[in-house]
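Each chain is listed here by its residues.
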Amino acid sequence: MPSLFAHYSEYGGTWPWVDFAPREVSCRHCGELYLAAPELWALQRLRTLLGRPIVLNSAHRCVQHNAVVGGAPASRHLGLAFDCRCPADGQEHFCRLARQAGFTGIGRYPGRGFVHLDLGPARAWWG
């Protein structure tokens, strides 16, 4: 069951996702934390499969930040989705591993150097 915290510093439980800190998956604008374990476990599995750090450009966004960055009104980032830094020449491999990790929504943005990942309906796209 997802939980919402006004700021990641309010979270006081055990944090089992060893390769990611609460601030990394929180809103860059205000620090709001949307804690959704299935998404975080998929991200942790991807990190393990990849065998190297994953840089997150964006994870959860509060409504205000989503609007400022031009996110879709029903963006998966309003819950928990990840835009992961990934150069164009590495995206095919990264996306293959993301599927193995359990991600179902995968968008490739080779010209912008990132891949979007979420657990929404199964779909793939190029941006």
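Preceding this paragraph is the structure being described.
Residues numbered from 1 in each chain as written. Predicted model: local features only at pLDDT ≥ 70, side-chain atom pairs only at ≥ 80, totals over all residues. Heavy atoms only, no water.

A. Representation of helix 1 (residues 37–50) within the structure. When the terminal C-alpha atoms of helix 1 are compared, their 20 Å separation across 14 residues agrees well with the 20 Å that a helix rising 1.5 Å per residue should span. The set of residues buried in helix 1 consists of Glu39, Leu40, Ala42, Leu43, Gln44, Leu46, Arg47 and Leu50. Turning to helix 1, the residues buried within the fold contact strand 2 (33–35), strand 3 (56–58), strand 4 (82–85), helix 3 (91–101) and strand 6 (114–118). Gly51, located one to two residues past helix 1, shows a positive phi value of around 75°. (Helix = DSSP H or I, 4+ residues; strand = E, 2+ residues; numbered from the N terminus. Expected span 1.5 Å × (residues − 1). Buried < 20%, exposed > 50% of the residue type's maximum accessible area, 1.4 Å probe, protein only. Contact = heavy atoms within 4.5 Å.)

B. Region of the structure containing helix 3. Three or more residues of helix 3 are buried, namely Gln91, Phe94, Cys95, Leu97, Ala98 and Ala101. Along the long axis of helix 3, the arc covered by the buried residues comes to 165°, so they all point the same way. Exposed and oriented more than 90 degrees from the buried face of helix 3 are Glu92 and Gln100. Summarising the contacts, the buried residues of helix 3 are in contact with helix 1, strand 4, strand 5 (105–109) and strand 6. (Arc of directions from axis to C-beta.)

C. Expanded view of the state of the cysteines. All told, the structure shown has zero disulfides when counted by the stated rule. Of all cysteine sulfurs, the one in Cys86 lies closest to Cys84, which takes part in no disulfide; the gap is 8.2 Å. According to the relative accessible area criterion, Cys84 is buried, its value standing at 0%. (Disulfide = S-S within 2.5 Å.)

D. Broad picture of the nonpolar core. Residues Val25, Leu46, Ile54, Phe82, Phe94, Phe103 and Leu117 are the most contacted members of the largest nonpolar core, which totals 30 residues. Elements with a minimum of two residues in this core: strand 2, helix 1, strand 4, helix 3 and strand 6. Excluding anything up to four places from it in sequence, Val25 contacts Trp15, Leu33, Leu40, Leu56, Ala59, His60, Leu80 and Phe82. (Core = buried A, V, L, I, M, F, W, Y, C linked by side-chain atoms within 4.5 Å.)

E. Highlighting the side chain of Glu39. With respect to the helices and strands, the residue Glu39 is situated in helix 1. Of the side chains bearing the opposite charge, Arg76 lies closest to the buried Glu39, which forms no salt bridge; the N-O distance is 6.4 Å. (Lys, Arg positive; Asp, Glu negative; His and termini not counted. Salt bridge = Lys/Arg side-chain N within 4 Å of Asp/Glu carboxyl O.)

F. The pairing of strand 6, seen in detail. The element strand 6 is extensively covered by neighbouring structure, given that five of its five residues are classed as buried. In strand 6, alternate side chains face the same way, and those of Phe114, His116 and Asp118 on one face and Val115 and Leu117 on the other are all buried. Two strands pair when backbone bridges link them, and strand 4 and strand 6 are joined in this way by four bridges, in the antiparallel orientation. By the bridge assignment, Cys84 is partnered in strand 6 with Val115. Across five bridges, the pairing between strand 5 and strand 6 is antiparallel. The residue bridging Tyr109 from the neighbouring strand is Phe114, located in strand 6. Between strand 5 and strand 6, which follow one another and run antiparallel, lie four residues, and Gly113 among them has a positive phi close to 75°. (Pairing = 2+ DSSP bridges.)

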